[in-house]
Amino acid sequence: MENKKKSSLFSVMSQYRELPLVLIFVLLIIVVSVIVPGFVKNSYINILKGASIDLVMACGMLCVLLIGSIDISVAGLLAFTGSLTGMLMRDGYISSIPMMFVVAILVGAVFGAVSGVLMGWGRVLPIIATLGMNYIARALIPMEWLLGLNKINPTDLTPEFRGFILKNFIGLPILVWIAVCVTLLTWLFLRYTRTGRNIYAVGSNGVAAQVRGVHINRIKLIAHTICGATAGLAGVMWTGFYNAIEKGSATGEEMFVIAACVLGGVAVTGGYGKVSGVVIGALMIATINSAIPQVFISNTMISELIKGILILLAILLNAMLQRMAAKQDLLGRNI
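Small disclaimer: the values here were computed from a predicted structure and weren't measured.

Conventions used here
- Residues numbered from 1 in each chain as written.
- Predicted model: local features only at pLDDT ≥ 70, side-chain atom pairs only at ≥ 80, totals over all residues.
- Heavy atoms only, no water.
- Helix = DSSP H or I, 4+ residues; strand = E, 2+ residues; numbered from the N terminus.
- Buried < 20%, exposed > 50% of the residue type's maximum accessible area, 1.4 Å probe, protein only.
- Contact = heavy atoms within 4.5 Å.
- Areas by Shrake-Rupley, 256 points an atom, 1.4 Å probe, with all protein chains shown as cover.
- Expected span 1.5 Å × (residues − 1).
- Phe/Tyr/Trp six-rings, centres within 6.5 Å; stacked < 30°, edge-to-face > 60°.
- Disulfide = S-S within 2.5 Å.
- Axes fitted to C-alpha atoms, helices over the stretch in contact; angles between N-to-C directions.
- Parallel < 35°, antiparallel > 145°, perpendicular 65-115°, else oblique.
- Left-handed = near helix turned anticlockwise from the far one by under 90°.
- Nonpolar A, V, L, I, M, F, W, Y, C, P; charged D, E, K, R; others polar.
- Patch = residues over 30% accessible without salt bridge, like charges linked within 9 Å, V, L, I, M, F, W, Y side chains within 5 Å.
- Salt bridge = Lys/Arg side-chain N within 4 Å of Asp/Glu carboxyl O.
- Core = buried A, V, L, I, M, F, W, Y, C linked by side-chain atoms within 4.5 Å.

A. Just the overall build of the chain, in detail. For the chain, the helix and strand inventory stands at 14 helices and four strands. Out of the 335 residues in the chain, the part that is buried amounts to 48%. For the chain, the share of sequence-separated contacts (at least 6 apart) that also reach a separation of at least 24 residues comes to 77%. Summed over all atoms, the accessible surface of the chain reaches about 16,400 Å², with 68% contributed by carbon and sulfur.

B. Highlighting helix 8 (residues 174–192). Its 19 residues give helix 8 an end-to-end C-alpha distance of 27 Å, which sits within 8% of 27 Å, the value for a rise of 1.5 Å per residue. Listed in full, the buried residues belonging to helix 8 are I174, L175, V176, I178, A179, V182, T183, T186 and L190.

C. Spatial organisation of helix 9 (residues 194–204). Of all the positions in helix 9, only G196, N198, I199, A201, V202 and G203 are classed as buried. Against helix 3 (39–66), helix 8, helix 10 (206–211) and helix 11 (216–242) lie the buried residues of helix 9.

D. Highlighting the packing of aromatic side chains. The tally for this structure, following the rule as stated, stands at six aromatic pairs. These aromatic residues form a ring-pair network of at least three members: W238, F241 and Y242.

E. Local environment of the state of the cysteines. One pass over the structure, following the stated rule, counts zero disulfides. No disulfide involves C227; its sulfur sits 7.9 Å from that of C63, the nearest cysteine. In this structure C227 comes out as buried when scored by relative accessible area, which is 0%.

F. Spotlight on the packing of helix 3 against helix 12 (residues 253–263). At their nearest, the axes of helix 3 and helix 12 sit 9 Å apart, and the two run at 65 degrees to each other. Compared by their axis directions, helix 3 and helix 12 come out roughly perpendicular. Considering only the axes of helix 3 and helix 12, their crossing is right-handed. Counted together, D54, M57, A58, M61, L62 and L65 of helix 3 and E253, F256, V257, I258, A260 and C261 of helix 12 form the full contact between these two elements. By residue class, the composition of the contact of helix 3 with helix 12 is ten nonpolar, no polar and two charged.

G. Up close: unusual backbone geometry. Not every positive phi belongs to a glycine, and N243 is a case in point at roughly 55 degrees. Relative to the assigned elements, N243 resides in the loop between helix 11 and strand 4 (245–246). With a phi close to 65 degrees, A250 is a non-glycine residue in the positive phi region. Among the structural elements, A250 can be located in the loop between strand 4 and helix 12.

H. Summary view of a nonpolar patch on the surface. Taken together, the side chains of V26, L27, I30, V31, V34 and I35 present a nonpolar region at the surface, about 550 Å² in accessible area. For L27, a relative accessible area of 53% gives the class exposed.

I. Main features of the packing of helix 3 against helix 13 (residues 275–294). Two elements in contact, helix 3 and helix 13, have axes whose closest approach is 7 Å; the angle formed by their N-to-C orientations is 135 degrees. When the interaxial angle is binned, helix 3 and helix 13 end up oblique. The handedness of the crossing between helix 3 and helix 13 is right-handed. Contacts between helix 3 and helix 13 involve F39, S43, I47, L48, G50, A51, L55, A58 and L62 from the former and V275, V278, V279, A282, L283, A286, T287, S290, A291 and Q294 from the latter.

J. Here's a closer look at the nonpolar core. The biggest cluster of nonpolar side chains holds 87 residues, and the ones touching the most others in it are I53, M57, L78, F80, F111 and I178. By residue number, the principal contributor to this core is helix 3, which donates 15 residues. Excluding residues that lie within four positions of it along the chain, L78 makes contacts with I53, M57, A231, A234, G235, W238, I245 and A250.

Encoded structure:
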C-alpha cells in the first residue's frame, strides 16, 4: 500500500512538475510578507509589470526549448527592434502605435527565421547561430549611417505612445494585458494546433517525429520565428515602459528569460514544458527582484546568488522528475 502511494506521488510529481515551484513560490511570498508587512498589497502591480516583458519573451523561448534548441539573441533583438521602431517614430515614419508593434514583430520574426534556417538547413548549432544573430542585432543599433541613432530618448517618442504602455485598463497596465494576451495565444497554439503538438513531438523524439511525417527543419523555423517575433514585441514594450532604449539595453535579459522557463519546469533537453510553469517562473523572478530591496538586501550579488541557487535547484528537480517518469514508464511496461 505504501509503495502504491509513493508510486502515485511520483506519477503526480512527474506529470505536474510545476507543483513544487508553486509551493516554493507561495513559501517565498509568505516569508517576504512576514518580513515586509503588506508586501503583496503594495507591490503586486510592480511585480506584474516587472514580469510582463520577460514573460512575453519566455513564451517564445518556451517554443524553442521544447524542440531542444535555445535562443540567446532575444535580448539583442529586443534592443534592436525597440531602437528601430523608436527611430521610425522619431523621424515621423510611424505615428500609429499599432504600426510600432507590427514593425517590431515582423523585424523580430525575420531575425528568428534566419536563425531557424541556419540551424535547420545550415546545420549550425543553436547557441552559435543565435549568438551571431545577437551580435548582429546589437551592432546595428549604433550604426548612424544606417539607423541614425545611438539612443532613443523620451522626447523622440510621441506623447500618446509614452502614456500608452502604462495606461490602466480594468485595473491593470496595458503592459500586463499584452503579456496576458501573448501567454493565452501561446497556450492555445501549443495545446490545440497540429504545429504546436509537433513542436512537442520534435523535442521528445525527433527521429520518431520524422518517421511520422513531421518536417523537423520546418518546425525549427517556426519555433525560432515565434521566438524572434516575441522578442520584437518585447522591444516596443521595453521602449514604452522605460521611455528610452539604447545599445546596452536589456543586456543579460536572455538569462532571465531562460531562467523563467527553467524555473517553470521546462525541460532544457526538449519535449516537456507548460505555459503555466513559465508564468510562475516569470512571476517568481519578478517577485525576487521586487522583494530583495525591501528586505534591506541592496547587494546585487546577493540577488544574483539567490536566483542562481533557485535555477540550480529547479534543474536538479527537473532531472529527478525526468528519471522518476522514465522509471515509472519502464515499470508500467514490466521492463
